[in-house]
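# Observations on chain architecture
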Amino acid sequence: MQAIDKAKKIAECLDNKKGRRITLLEVGELTSISDYFVIASGGSAAQVKAMADEVTEKLAELGYTPVHTEGYHVATWILLDYSDVVVHIFLEETREFYDIERLWTDAGKVPLDFLEA
């Protein structure tokens, strides 16, 4: 599976758990960390964890496991690193505070068709 397809699958998983403000950024030209960032918010720590669980479970079914995970127990900002795709799942207030999209303003925003329907 190509990185863009994996990133879109992750975005769909986040949408399945009612993730808010799901954003897909193409960062490969700007950093060697990853090709894509998927960013989403949840309204509670329980929802943030549920979103991370959904991504982890659905990608495991496709044969992918994160190489690194951070923040699961606190659940204000969970990071799932799939090497070519890094997932940032924030509690809404935490996302506002860190404003990660502002830090990556030069990244291309990839449209997500299922959000426009």
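Residues numbered from 1 in each chain as written. Predicted model: local features only at pLDDT ≥ 70, side-chain atom pairs only at ≥ 80, totals over all residues. Heavy atoms only, no water.

The protein chain has the name Ribosomal silencing factor RsfS in an unreviewed UniProt entry, where Candidatus Aphodoplasma excrementigallinarum is given as its organism. For the record of the protein chain, the UniProt heading Subcellular location (unreviewed entry) holds the text "Cytoplasm". (UniProt positions renumbered as here; feature names shortened; annotations may be inferred.)

Secondary structure assignment for the protein chain yields 5 helices and 6 strands. Compactness check: the protein chain gives a C-alpha radius of gyration of 13 Å against a globular reference of 13 Å for 117 residues, within 12% of the reference. Seen through its C-alpha atoms, the protein chain measures out along the principal axes to roughly 35 × 35 × 30 Å. Classification of the 117 residues of the protein chain by burial places 44% in the buried group. In the protein chain, of all internal contacts separated by at least 6 residues, the share reaching a separation of at least 24 is 61%. In the protein chain, the 12 positive side-chain charges and the 21 negative ones have mean positions that sit 6 Å from each other. (Helix = DSSP H or I, 4+ residues; strand = E, 2+ residues; numbered from the N terminus. Rg over C-alpha atoms; globule rule 2.2 N^0.38 Å. Buried < 20%, exposed > 50% of the residue type's maximum accessible area, 1.4 Å probe, protein only. Contact = heavy atoms within 4.5 Å. Lys, Arg positive; Asp, Glu negative; His and termini not counted. Charge placed at Lys NZ, Arg CZ, Asp CG, Glu CD.)

To continue, consider helix α2 (residues 45–61). Within an α-helix, residues lying three or four positions from one another point in the same direction, as the helix has 3.6 residues per turn. Between its first and last C-alpha atoms α2 spans 24 Å; for 17 residues at 1.5 Å apiece the expected length is 24 Å, and the two agree. Along α2, the residues classified as buried are Gln47, Val48, Met51, Ala52, Glu54, Val55 and Leu59. All buried residues of α2 lie within an arc of 155° about the axis, which places them on one face of the element. Exposed positions of α2 whose direction lies more than 90 degrees from the buried face are Ala46 and Glu61. On its buried side, α2 packs onto α1 (3–16), β2 (36–42), β4 (77–81) and β5 (85–91). (Expected span 1.5 Å × (residues − 1). Arc of directions from axis to C-beta.)

Turning our attention to the pairing of strand β1 (residues 20–26). Relative to β2, β1 is paired through 5 bridges, and the arrangement is antiparallel. By the bridge assignment for β2, arginine 20 is matched with serine 41. Inspection of the sheet shows β1 paired to strand β6 (residues 108–109) by 2 bridges, in the antiparallel sense. Of the residues in β6, the one forming a bridge with glutamate 26 is glycine 108. (Pairing = 2+ DSSP bridges.)

Considering all chains together, one arrives at 6 salt bridges under this definition. A salt bridge links arginine 21 to glutamate 92, with the nearest nitrogen and oxygen atoms 2.8 Å apart. Here arginine 21 is found in strand β1, whereas its partner glutamate 92 is found in helix α3 (residues 92–98), with 71 residues between them in sequence. The salt bridge partner of aspartate 99 is arginine 102, with a shortest N-O separation of 3.4 Å. It is possible to trace a salt-bridge network through shared partners that takes in Arg21, Glu92 and Glu96. (Salt bridge = Lys/Arg side-chain N within 4 Å of Asp/Glu carboxyl O.)

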